Amino acid sequence: MTSTHAFWLAGRQATGEDAFDVTSPWDGRLVGSVSIPTDAQVEEAVAAAYAVEAEFAATPAHVRAAALDHVSKRLVERTEEIAQLISAENGKPIKWARGEVGRAVSVFRFAAEEARRFNGGEAQRLDTDAGGVGRLALTRRFPRGTVLGIAPFNFPLNLCAHKVAPAIAVGTPIILKPAPATPLSGLILGELLAETDLPAGSWSVLPVANDKMPALVQDERLPVISFTGSETVGYAIMDSVPRKHCTLELGGNGAAVVLADWASDEDLDWAATRIATFSNYQAGQSCISVQRVIADASVYDRLVPKIVAAVEAQVTGDPNDAATDVGPLVNEDAAKRVEAWVDEAVKAGASLLTGGKREGASYAPTVLADVPADTTISCEEVFGPVLTVRRVEGEAEAFAAVNDSKYGLQAGVFTHDLQTAFRAHRALEVGGVVVGDVPSYRADQMPYGGVKQSGVGREGVRFAMDDYTYERVMVLTGLAL
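Conventions we followed
Residues numbered from 1 in each chain as written. Predicted model: local features only at pLDDT ≥ 70, side-chain atom pairs only at ≥ 80, totals over all residues. Heavy atoms only, no water. Helix = DSSP H or I, 4+ residues; strand = E, 2+ residues; numbered from the N terminus. Contact = heavy atoms within 4.5 Å. Buried < 20%, exposed > 50% of the residue type's maximum accessible area, 1.4 Å probe, protein only. Pairing = 2+ DSSP bridges. Right-handed = clockwise from strand over helix to strand, strands pointing away. Axes fitted to C-alpha atoms, helices over the stretch in contact; angles between N-to-C directions. Left-handed = near helix turned anticlockwise from the far one by under 90°. Nonpolar A, V, L, I, M, F, W, Y, C, P; charged D, E, K, R; others polar. Expected span 1.5 Å × (residues − 1). Polar contact = N/O pair within 3.5 Å; in protein donor to acceptor, adjacent residues only side chain to side chain.

Enquirer: Describe the environment of Leu-206, naming the residues involved and giving the relevant values.
Expert: Among the structural elements, Leu-206 can be located in the loop between strand E9 (203–205) and helix H7 (213–218). Between the C-alpha atoms of Leu-206 and Asn-154, which are 52 residues apart in sequence, the distance is 18 Å. When neighbours within four sequence positions are excluded, Leu-206 is seen to be in contact with Phe-7, Trp-8, Leu-9, Pro-37, Val-42, Ala-45, Ile-175, Leu-176, Lys-177 and Pro-178.

And the structure:
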């Protein structure tokens, strides 16, 4: 597909002394060779970002917006090439890879729009109290400082976009660290950003080895950390830098609730299709994939066979084939872990309704019923093509089952009743409730993040921009208001 030995250092291409190979999880072929920054090069990138902070913050909005528009347009022009790259390094089926490029196009477009209207300031009259007569407060937002953006492998382009685009929009430098398994998609963003007029040092894309990251995390010149990944790593980062501003988008074990009023054959067919698709759409490697189905007893017996049939209809195989729905996991170790968790659940008494087979890095789409509550797959994020089904009696038990988790990212509630929808919104301990669909829906402009062990802060372009900045008030005195 491609081969590169360069990374992006303070806005220019650079090479290190060592390199590592990126291989396809589907067939093991070489996808690219990526140079590793030296310690001196990492220091150069951090120093350049720190030095340019004031200049970049003062860059006119139209300059930042034009750069973001440029990246969005270039992603459109190179859609097929980049989709093929994502599929090759990640194993993602090409149809989902094309969709990911389309989402990244929107992220940069949204960021360009927000850059033009962000931080106009909010005026507040202070003469509501006698001591404030003649005074006016003007509140604006200013960057907290350089962002260290750490991206995962499962959406190797779009989640890099969610780190980079909001930073450029607010005028704060960013050092992007793509995932070791999928660095090439992040480096593509470097190619496109290098075509813009953004100041040197305002961005770098550094495929730093994981064992070198603690020093970057601790660096005081990087006061903001935006991390997407595992709960264990995310909270270890936060605990190690308690005085830094951290945004953590961590794991989940997304629940799809099917209530009694979602009862027609058409309703259940729709729910089953959506559940089957979005428990498997990235080989289950999405923090909002459907992992738990919680169905009212009145529909359970009709729904579950439909889910099993829809799961079995998922096309598995070569991610380069446009017909493929489910490709491999990111590597064989990931598939072996999923296999071990499913085997543990079956040995503990769970019923295997379909799937349960591994071949290399691929794991067959799997449905489990009657899963004991203390098994790993009930408690943790499986991050694989596996879902469990559970029967409940009524709305209250269904909502309690959703909340019976250390995670709280998103939940889907299949209901036609508006009052039920509002009760779900109030009762469910999650960052987002999707009514009439699975929890896997995400619009890139909406606030996205979780509660409990699913993280802190919010992504979504405007909301990440808020997270990267802080409010600073100016009081004007002696005014005739």
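Enquirer: Break down the pairing of strand E12 (residues 255–258) for me, citing the residues and quoting the values.
Expert: The alternating pattern of E12 places Ala-255 and Val-257 on one face and Ala-256 and Val-258 on the opposite face, and all of these are buried. In this sheet, strand E13 (residues 292–296) lies alongside E12 in parallel orientation, the contact comprising 4 bridges. The residue of E13 that forms the bridge with Ala-256 is Val-293. As for the winding sense of the linkage, the β-α-β connection from E12 through helix H9 (residues 265–280) to E13 is right-handed.

Enquirer: Can you lay out the packing of helix H13 (residues 394–403) against helix H14 (residues 418–427) for me, pointing to particular residues and giving the numbers?
Expert: Remark: H13 packs on H14, axes separated minimally by 11 Å, with the N-to-C direction vectors making an angle of 30°. Of the two possible hands of crossing, H13 and H14 adopt the one that is right-handed. Contacts between H13 and H14 involve Glu-395, Phe-399 and Asn-403 from the former and Thr-420, Arg-423, Ala-424 and Ala-427 from the latter. Looking at side-chain class alone, the contact of H13 with H14 contains 3 nonpolar, 2 polar and 2 charged residues.

Enquirer: Could you give an account of the sheet that holds strand E6 (residues 136–143), with specific residues and numbers?
Expert: The strand order across the open sheet built from 3 strands is E5-E6-E24, with neighbouring strands paired in antiparallel fashion. A single partner strand is all that each edge strand has here, and the edge strands are strand E5 (122–125) and strand E24 (469–476). If you compare each strand with its neighbour and ignore which way they point, the axes differ by 30° on average. As paired strands, E5 and E6 are joined by 4 bridges and run antiparallel to one another. What sits directly across from Glu-122, in E6, is Thr-139.

Enquirer: Residue-level account of helix H5 (residues 158–170), with values.
Expert: In this model, H5 (13 residues) spans 19 Å end to end at C-alpha, consistent with the 18 Å of a helix rising 1.5 Å per residue. Among the 13 residues that make up H5, 13 are buried, leaving the element largely enclosed by the rest of the structure. With its phi angle positive at about 80°, Gly-171 sits one or two positions after the end of H5.

Enquirer: Got a sec to walk through the side chain of Thr-228? Specific residues and values, please.
Expert: Along the polypeptide, Thr-228 turns up in strand E10 (residues 224–228). Thr-228 gets classed as buried once you look at its relative accessible area, which sits at 6%. Among the polar contacts made by the side chain of Thr-228, one reaches the side chain of Glu-459 at a distance of 3.3 Å. The contacts of Thr-228, once residues within four sequence positions are left out, are Ile-150, Ala-151, Pro-152, Leu-159, Lys-163, Glu-249 and Glu-459.

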